[in-house]
Amino acid sequence: MLNLDAYRDLITKCSQCQLCQTTCPVFLEDMLETHLARARIGLIQAAMLEGKMPVTRRLREIVDRCLLCTNCTQTCPSWVPVDEIIAAARFELHKGKRRGRIERYLMHQAMKQRGPKGLMEKAAPLAKKLGWSPEELPAPAERDFDHRFQGVIPAEGARRARVAYYVGCATNAFYPETGEAVVRVLARNGVEVVVPEGLSCCGLPALVDGDLGTLQEMVRLNVGVLAALDVDAVVTDCTSCGLLFKAKAAKVLPEDDPVMARAEALAGKVWEATDYLNHLGLVSEPGPLGERYTYHVPCHRGWSPTLADAPRQLLDRVSGAERVEMEHPEACCGAGGAFFMEYKALSQGIRSRKTEDIDRTGSETVVTQCPACRTYLAAGLPGRRVLHPMALLARAYGF
Ligand code: SF4
Ligand code: SF4
């Protein structure tokens, strides 16, 4: 990802099988051939690697009009890492200057700082400037997670494991109750939870924005803190933060970067919270719930083969929690981090398919691990609860 040139050979592995056509949410919505994964990487190859075509504004649009959902990469039988090729092309096309200077400064500050004095103070004017729709951006919580939990939360009963909890920006600022649920449910099941200080945004917004410098800064800072901890695992409730640490962090650093070895070691320890708990097994039985729910599988799931089954298997232990599957539980919701703010009509079209599928399940509650999915789905499902699976489990425990 550091260098588009490194993907020169991998691009040629594309067999033009067109399987990615069935999973690309952008193509399924606008039906434009140029938005197919194979077409995107073919254009990148022709214009940016072989110089057979000029680098035009249209090429930039094609590279940018992608959710970086990774569905094409997960589908590809030839193992072409399409999302990484598109991200590497963005680094080269934008060189961290996709946005104006003020917007870049605010985004950088918002990613680097956390809490009401940091993220929200900077994000609110940026949101206003960009004309983001307020009904889709939830109000920040009165007390963010960083101000509710700090230090070490002891395990209840015999300690089975000790983990660091990486709390992403969205959980910290908008959904601290999700963070609280993660801490309490893990502790109830014998896990000691360390909430480290000094962390920043995982860096994924910078990756999406083509800002390699900011992304590397976030990776170095977070890896420096997390890799130094004496823990069995690093858990996160956010599938996108997990994707960044597990599958991308080491790839965005130069080979000789002093943080590289620690980034690779850290990747081996990263888990999504429900996946980790399911792997460890429950030792405390949750109580009953009278609830019909459906599970939206986040697109950023490919970094763990068990991530999509974990919430189902854990919540199957809750009597009275009835899971009704959607026809396409793995279909994208259209959020794509901040993509829905820039490509409103496109994202709303993708979301409509999803909410219709959810409606057909007759579920009053939707669970999903990704906070961007929750934000965007909640805005499209007024009156419905959209929760992290750990939050539903926490309710079953009576928290
Ligand atoms: S990352 Fe997602 S939106 Fe982008 S080309 Fe692949 S499937 Fe389509
Ligand atoms: S699925 Fe992979 S090999 Fe097939 S067309 Fe898409 S990128 Fe090429």
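Residues numbered from 1 in each chain as written. Chains lettered and ligands numbered in written order. Predicted model: local features only at pLDDT ≥ 70, side-chain atom pairs only at ≥ 80, totals over all residues.

### Observations regarding the site of ligand 1
Part 1 of the reasoning: The environment of ligand 1 is formed by 15 residues, the closest being Cys24, Cys66, Cys69, Asn71 and Cys72.
Part 2 of the reasoning: Those elements that place two or more of their residues in the shell around ligand 1 are helix H2 (25-30), helix H3 (37-49), helix H5 (71-75) and helix H6 (82-94).
Part 3 of the reasoning: Looking at the shell around ligand 1, its residues break down into 10 nonpolar, three polar and two charged. (Near = placed C-beta within 6 Å. Helix = DSSP H or I, 4+ residues; strand = E, 2+ residues; numbered from the N terminus. Nonpolar A, V, L, I, M, F, W, Y, C, P; charged D, E, K, R; others polar.)

### Here's the deal with helix H10 (residues 176-188)
Part 1 of the reasoning: Taking 1.5 Å as the rise per residue, H10 with 13 residues should run 18 Å; its terminal C-alpha atoms sit 18 Å apart, in good agreement.
Part 2 of the reasoning: With 10 of 13 residues buried, H10 is to be regarded as a mostly interior element.
Part 3 of the reasoning: Those residues of H10 lying buried are Pro176, Thr178, Gly179, Ala181, Val182, Val183, Arg184, Val185, Leu186 and Arg188.
Part 4 of the reasoning: Close packing links the buried residues of H10 with strand S1 (151-153), strand S2 (161-166), helix H9 (169-173), strand S3 (191-195), helix H15 (273-280) and helix H20 (389-396).
Part 5 of the reasoning: Once H10 ends, the next one or two residues include Gly190, with phi positive near 80°. (Expected span 1.5 Å × (residues − 1). Buried ≥ 20, exposed ≤ 12 C-beta atoms within 10 Å, placed from the backbone. Contact = placed C-beta atoms within 7 Å.)

### Some remarks on the nonpolar core
Part 1 of the reasoning: Ranked by internal contacts, the top residues of the largest apolar core, which has 120 residues, are Val82, Ile85, Tyr165, Ala249 and Ala263.
Part 2 of the reasoning: Top element by residues in this core is H6. It accounts for seven residues.
Part 3 of the reasoning: Those residues in contact with Val82 that sit more than four places away from it in its chain are Cys20, Ala37, Ile41, Cys72, Thr73 and Cys76. (Core = buried A, V, L, I, M, F, W, Y, C linked by C-beta atoms within 7 Å.)

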